[in-house]
Amino acid sequence: MVDTESVAGSFPVGNSSAVNELEVLMRQVARYDSTVLIQGESGCGKELVARRIHELSARGEGPFVPVNCGAIPRELLESELFGHEKGAFTGALTTRIGRFELADGGTLFLDEIGDMSLDMQVKLLRVLQERTFERVGGAEQRRANVRILAATHRDLESRVIQREFREDLFFRLNVFPIRVPPLRERTEDLPALIHDLVRRGEAAGRPSITFSDTAMTCLTGYRWPGNVRELQNLVERLSILCPGRSVEREDLPPAIGERRRAAESTEDAPRDLVAVPRGGIDLREYLGNIEKQLIRSALDLTDGTVAHAARLLKLQRTTLVEKLRKYDLQARVAT
Ligand SMILES: Nc1ncnc2c1ncn2[C@@H]1O[C@H](COP(=O)(O)OP(=O)(O)OP(=O)(O)O)[C@@H](O)[C@H]1O
Ligand SMILES: [Mg+2]
């Protein structure tokens, strides 16, 4: 795994107009304490954008405190953010400082804000409006000098319409929106990104690799649903499989290597599977197999991380966990 801290300094890699615009926005907003809402697909670098804004800001020497609002169970999130007093609830054996206080003088990064429960959204809104909070079980009003950055892979505006995200909180957060472009919108950056990833792999002790022109064309034509994280995992895997040599088209995973043939149809969905053979099919078994393959491929793309795979499949994490059990598939349950 790459250490994100050391990567943020050279971020964003590439020279496409999308990347240059991103760089300009990050520099402009870093100078002020304005709240930034970072939106973009899974694995496109939202956390790196947050770290970079923090580093470029006057708070750069202060703490950068991330909170994954989607991964922390809702009943724990309040105490995670605001802390708790000793005895506030069963198990609160000692007083604990929350992330707001830990981020004092620095930046609080509210990651996956779109997954925050509605009742927590109310509490957060109050803190953002009044700039004061209380620890769980405490009465004292506290203040923390923090700059808020928030990120989500979800389309927050449509969640507002569906009443899953509070409109007032959305406006509070969306002071300065930044959209991080998906990799397929900036494939001209692929050579620079690959170069950077290979170099980082070498620094981590993995063999060097290069790519043939044909392999490069395949990479450029692929949709990259897992974005730079998917590319990073692929480069790591190939450097182990093809040490010290040029990666050919045949070395690429079928979804990428066979892309050029598939490119004639612009969709990614399987197209030629819809006719029932004369002998008939067992529909349930057939669909189950497709489901299993898609889950495997999503886990592949996300390095086996269930939360990310669930996102790619637009499933609840718990639903995916059930399916993994059903099909006896292995994955990491961390986020
Ligand atoms: N432009 C980039 N240049 C170099 N590395 C990048 C870039 N974008 C992302 N990465 C790498 O890809 C991985 C994913 O980045 P990051 O965690 O910031 O994405 P994210 O948008 O927060 O993803 P998620 O939505 O899944 O949380 C990281 O390991 C990061 O180092
Ligand atoms: Mg992230």
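Residues numbered from 1 in each chain as written. Chains lettered and ligands numbered in written order. Predicted model: local features only at pLDDT ≥ 70, side-chain atom pairs only at ≥ 80, totals over all residues. Heavy atoms only, no water.

Just to check I follow, could you spell out the nonpolar core for this structure?
Side chains of nonpolar character tend, in soluble globular proteins, to be buried together. Grouped together as the largest cluster of nonpolar side chains are 30 residues, with contacts concentrated most on L81, F100, L108, L110 and I113. Examining the composition of this core, we find that five residues originate from one element, helix α6 (residues 118–130), more than from any other. If near-sequence neighbours (up to four positions away) are discounted, I113 is found in contact with L37, C69, L124, A150, A151, T152, L156, F165 and L173. One finds L193, V198, V235 and C242 within the second-largest nonpolar core, a separate group that totals 25 residues. (Core = buried A, V, L, I, M, F, W, Y, C linked by side-chain atoms within 4.5 Å. Buried < 20%, exposed > 50% of the residue type's maximum accessible area, 1.4 Å probe, protein only. Helix = DSSP H or I, 4+ residues; strand = E, 2+ residues; numbered from the N terminus. Contact = heavy atoms within 4.5 Å.)

Sorry, what's going on with the sheet that holds strand β5 (residues 107–111) here?
Backbone-to-backbone hydrogen bonds join strands into a sheet, with any given pair of strands oriented parallel or antiparallel. The parallel open sheet is built from five strands, whose spatial order is β2-β5-β8-β1-β9. Either end of the sheet is taken by a strand with one partner, and the two such strands are β2 (64–68) and β9 (176–179). Each strand of the sheet is rotated relative to its neighbour by a mean of 20 degrees, with strand direction disregarded. Across the sheet, helix α2 (residues 17–30) touches β1 (36–39), β8 (147–152) and β9, and the angle it forms with β9 is around 155 degrees. (Pairing = 2+ DSSP bridges. Axes fitted to C-alpha atoms, helices over the stretch in contact; angles between N-to-C directions.)

What should I look at first to understand the pattern of salt bridges in this one?
When their charged atoms lie close together, side chains carrying opposite charge are able to pair. All told, the structure shown has 27 salt bridges when counted by the stated rule. Notably, a salt bridge pairs E80 with R96, separated by 3.4 Å at the nearest N-O pair. With a gap of 16 residues between them, E80 in helix α4 (residues 74–82) and R96 in strand β4 (residues 96–97) connect regions that are remote in the sequence. Residue E80 is classed as buried on the basis of its relative accessible area, which comes to 11%. Linking E112 and R311 is a salt bridge whose minimum nitrogen-to-oxygen distance equals 3.3 Å. With a gap of 199 residues between them, E112 in the loop between β5 and α6 and R311 in helix α15 (residues 306–312) connect regions that are remote in the sequence. Three or more residues joined by partner-sharing salt bridges are found here, namely E85, E101, R135, E140 and R142. (Salt bridge = Lys/Arg side-chain N within 4 Å of Asp/Glu carboxyl O.)

Can you help me understand the environment of P182 in this one?
Take P182: it is sitting in the loop between β9 and α9 (190–203). Along the primary structure P182 and P63 are separated by 119 residues, whereas in three dimensions their C-alpha atoms are 28 Å apart.

Quick question: what am I supposed to make of the pairing of β1 here?
Along any regular strand the residues' side chains alternate between the sheet's two faces. Of the two faces of β1, the one lined by V36 and I38 and the one lined by L37 and Q39 are each fully buried. Two elements, β1 and β8, share four bridges in a ladder whose sense is parallel. Note that in β8 the partner of I38 across the bridge is A151. Strand direction decides the pairing type here: β1 and β9, joined by four bridges, are parallel. Bridged to V36 within β9 is F176.

Help me out: how do you make sense of the state of the cysteines in this one?
Disulfides are covalent bonds that connect the sulfur atoms of two cysteines. This model, assessed by the stated rule, comprises zero disulfides. No disulfide involves C69; its sulfur sits 17 Å from that of C44, the nearest cysteine. A residue is classified by how much of its surface remains accessible, and C69, at 3% relative accessible area, is buried. For C242, which is in no disulfide, the shortest distance to another cysteine sulfur is to C218 and amounts to 14 Å. (Disulfide = S-S within 2.5 Å.)

Just checking my understanding: could you explain the domain arrangement of the chain for this structure?
Interface size is commonly expressed as the accessible area that is lost once the parts come together. In terms of domains, the chain is made up of domain 1 (17–181), domain 2 (184–272) and domain 3 (275–335). Distance from the C-alpha centre of domain 1 to the C-alpha centre of domain 2: 33 Å. Listed per partner, the contact involves seven residues of domain 1 and nine residues of domain 2. Summing both sides of the interface, domain 1 and domain 2 together bury roughly 720 Å²; the carbon and sulfur share of this comes to 36%. Ranking the residues of domain 1 by area buried against domain 2 places E41, G43 and P181 at the top, with a combined share of 50%. Scanning the region where domain 1 abuts domain 2 turns up two salt bridges. A salt bridge links E185 to R179; the shortest N-O distance between them is 2.9 Å. (Domains from an automatic or database assignment. Buried area = accessible area lost by both parts, 1.4 Å probe.)

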